[in-house]
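# Observations on the three-dimensional arrangement
Each chain, written out:
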Amino acid sequence: MKLDSLKLRNFRNYTKEKINFSPHVNFIIGPNGSGKTNIVEAIYMLAITKTYKSMKEEHLVKRDEDHFLIKGVVERGTEKQSLSLYYDMTNKLAMINDDKVPKLSDYIGNLNVILFSPEDLNLIKGQPGGRRKFINLEIGQINRAYLKLMHEYNKVLKNRNEYLKNKKTIDGLYIETLNEQLAELGGQVYKYRFKFIDDINKELESIFKSFHGKGSLVMKYEANTLITEFNDESKDILLEKLNSSINQDSLRGGTTYGPHRDDFSLFLDDENIKLSASQGQIRLATLALKCAEINLFKVATGEDPIILLDDLFSELDKVKVKNILKFIKDDSQIIITTTDLDGINQRLLKKSKIFEIENKRGNVKIKTEEMRN
Ligand SMILES: Nc1ncnc2c1ncn2[C@@H]1O[C@H](COP(=O)(O)OP(=O)(O)OP(=O)(O)O)[C@@H](O)[C@H]1O
Ligand SMILES: [Mg+2]
């Protein structure tokens, strides 16, 4: 899969911009604050319809403007498709070939991206919510049915929470029906998530080794129902937990058990790296996890996802950069941002397309150097 071109209107510090990407390696260079991350953000937004920083859309609209438009042409095999995302302070519209797509869950998955960003380092050590978002997104990009399932699950969860919060007396039959619905959907969520973890683990070991990471790296799902695998009983175990926590939940006005509060950890030789690993080990593990995702995408969709590497040298040392670039096959499309090209392999530069951000009195433009050969 390749992103042929990207058009921006009133997105962040860009008024009107068009970039024609190379199907291989692209470098976007510019000083701090010039708008490199904004390009990566636009591509991510076009793919996922949300920013990875959980930023409100209104902050993405260029100051003093009232809408933004991101448009990209995506090539998949011999097919080309245009994707657009429009936002005007009240509506967010996703379009495929200029036709509006009513449900965002039907839109996501048409452009697959894997992002390496400085924020990734918070993934392992940060709050569980970030890790849930990660899991949901990765499974969702591969599998649209999962997005629909999560949508249904969250709807029932919201009903249950509202009912428990607002009702003075609880109708046992009604709440048990809600519990059954939630357990049914939750059981399916477990199924997808445990499969995802299994698939990731199949990739992780060899990738971690190829990064010269010592020891074995394993991802483990941490369900608050304490189930450790998905099977026929998973749903019943959740149902039992939901039924036995009705009183507690009605006091809290929330649902204690279920995948919406689960987590995962990475274990390095049986030690939870969240608790004990060094900063360097965490970086290496995070990178391995992201690279594992690239492989999962390929297996699941038959396509190479587009790799976005934001801020190449800020958090990762050069050895790791070399590792990622080695890992990413030659035929993948890569979009890399960096302040300067110092220390970047000349052979790589020769086959790359380079874009330079120029800021003339607040007017930001992207200058393209001719393809070097
Ligand atoms: N809504 C907006 N309207 C106009 N300009 C914006 C908006 N949001 C952000 N900016 C501008 O975008 C710039 C930051 O862009 P970005 O984060 O892409 O920079 P960068 O090149 O990635 O910098 P660094 O190298 O420090 O990571 C800032 O100058 C900021 O003022
Ligand atoms: Mg940046």
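This is a predicted model, so every value here is computed, not measured.

### Quick look at the overall build of the protein chain
Each helix and strand in the protein chain was counted, giving 12 helices and 15 strands. For 373 residues, the compact-globule estimate of 2.2 N^0.38 gives 21 Å, and the protein chain sits close to it at 22 Å. Across the 373 residues of the protein chain, 38% fall into the buried class. Considering only intrachain contacts with a sequence separation of at least 6, the fraction spanning at least 24 residues in the protein chain is 72%.

### So, the pairing of strand 5 (residues 79-87)
Note on strand geometry: in a regular strand, side chains alternate between the two faces of the sheet. Sheet topology places strand 4 (residues 68-76) next to strand 5; nine bridges connect them, and they run antiparallel. Along strand 5, the bridge assignment pairs Gly72 with Leu83. The turn linking strand 4 back onto strand 5 is made up of two residues, and Gly77 within it adopts a positive phi angle of 60 degrees. Connecting strand 5 to the antiparallel partner strand 6 (residues 92-96) that follows it, the hairpin turn spans four residues, and Met89 within it adopts a positive phi of roughly 80 degrees.

### A few points about the domain arrangement of the protein chain
How large an interface is tends to be reported as the accessible area lost when its parts come together. Segmentation of the protein chain into domains returns domain 1 (1-112 + 303-373) and domain 2 (121-301). Here the C-alpha centre of domain 2 lies 29 Å away from the C-alpha centre of domain 1. Each partner contributes to the interface: domain 1 provides 16 residues, whereas domain 2 provides 16 residues. In terms of residue count, helix 11 (residues 318-327) provides more of the side of domain 1 that touches domain 2 than any other element does, four residues in total. Tallied by class, residues from the side of domain 1 that touches domain 2 come to eight nonpolar, four polar and four charged.

### Quick notes on the site of ligand 1
The local shell around ligand 1 holds 16 residues, among which Asn13, Asn32, Lys36, Thr37 and Asn38 are the closest. Per-class residue counts for the shell around ligand 1 are one nonpolar, 10 polar and five charged.

### Re the sheet that holds strand 2 (residues 14-20)
Ordered by their spatial adjacency, six strands build an open sheet running 2-1-4-5-6-7, and the pairing between neighbours is antiparallel. Sheet topology places strand 2 and strand 7 (99-100) at the edges, where each strand pairs with a single neighbour. Across the sheet, helix 1 (residues 36-48) lies against strand 1 (2-11), strand 2, strand 4 and strand 5, angled at about 110 degrees from strand 1, the strand it touches most.

### A few points about the environment of Arg261
For Arg261, the position within the fold is in the loop between helix 8 (246-252) and strand 10 (263-268). In sequence terms Arg261 and Ala47 are 214 residues apart; their C-alpha atoms lie 26 Å from each other.

### Let's talk about helix 6 (residues 172-210)
Taking 1.5 Å per residue, 39 residues should reach 57 Å; helix 6 reaches 55 Å between its end C-alpha atoms and fits that length. Residue Leu204 marks the point of greatest curvature in helix 6, where the axis turns by about 35 degrees.

### With respect to the sheet that holds strand 12 (residues 306-309)
On the basis of which strands lie adjacent, the open sheet formed by six strands has the order 8-12-13-3-14-15 and mixed pairing. Bordering the open sheet on either side are strand 8 (113-116) and strand 15 (363-368), each of which pairs with just one other strand. Ignoring strand direction, the axes of neighbouring strands in this sheet form an average angle of 20 degrees. As paired elements, strand 14 (residues 352-360) and strand 15 share six bridges and run antiparallel to each other. Bridging from a neighbouring strand, Lys360 pairs with Asn363 of strand 15. Set on the sheet, helix 10 (residues 279-301) makes contact with strand 8 and strand 12; between it and strand 8 the angle comes to about 175 degrees.

### So, the nonpolar core
Formed by 94 residues in total, the largest nonpolar core has its most connected members in Ile43, Tyr44, Ala288 and Leu308. Element by element, the count of residues in this core is highest for helix 6, at 11 residues. Per-domain counts for this core show at least three residues from each of domain 1 (1-112 + 303-373) and domain 2 (121-301).

### Considering helix 10
Given a rise of 1.5 Å per residue, 23 residues ought to cover 33 Å, and the 33 Å separating the end C-alpha atoms of helix 10 matches this to within 8%. Gly302 sits one or two positions beyond helix 10 and adopts a positive phi of about 75 degrees.

### Here's the deal with unusual backbone geometry
Trans is the prevailing form of peptide bonds, just as negative phi is the prevailing case for residues other than glycine. You will see that Thr49, though not glycine, has its phi angle at about 75 degrees, which is positive. On the secondary structure map, Thr49 appears in the loop between helix 1 and strand 4. Of the residues examined, Thr49 has 19 C-beta atoms within 10 Å and is grouped as partly exposed.

Conventions used here
Residues numbered from 1 in each chain as written. Chains lettered and ligands numbered in written order. Predicted model: local features only at pLDDT ≥ 70, side-chain atom pairs only at ≥ 80, totals over all residues. Helix = DSSP H or I, 4+ residues; strand = E, 2+ residues; numbered from the N terminus. Rg over C-alpha atoms; globule rule 2.2 N^0.38 Å. Buried ≥ 20, exposed ≤ 12 C-beta atoms within 10 Å, placed from the backbone. Contact = placed C-beta atoms within 7 Å. Pairing = 2+ DSSP bridges. Domains from an automatic or database assignment. Nonpolar A, V, L, I, M, F, W, Y, C, P; charged D, E, K, R; others polar. Near = placed C-beta within 6 Å. Axes fitted to C-alpha atoms, helices over the stretch in contact; angles between N-to-C directions. Expected span 1.5 Å × (residues − 1). Bend = angle between axes of the 7 residues up to and from the residue. Core = buried A, V, L, I, M, F, W, Y, C linked by C-beta atoms within 7 Å.

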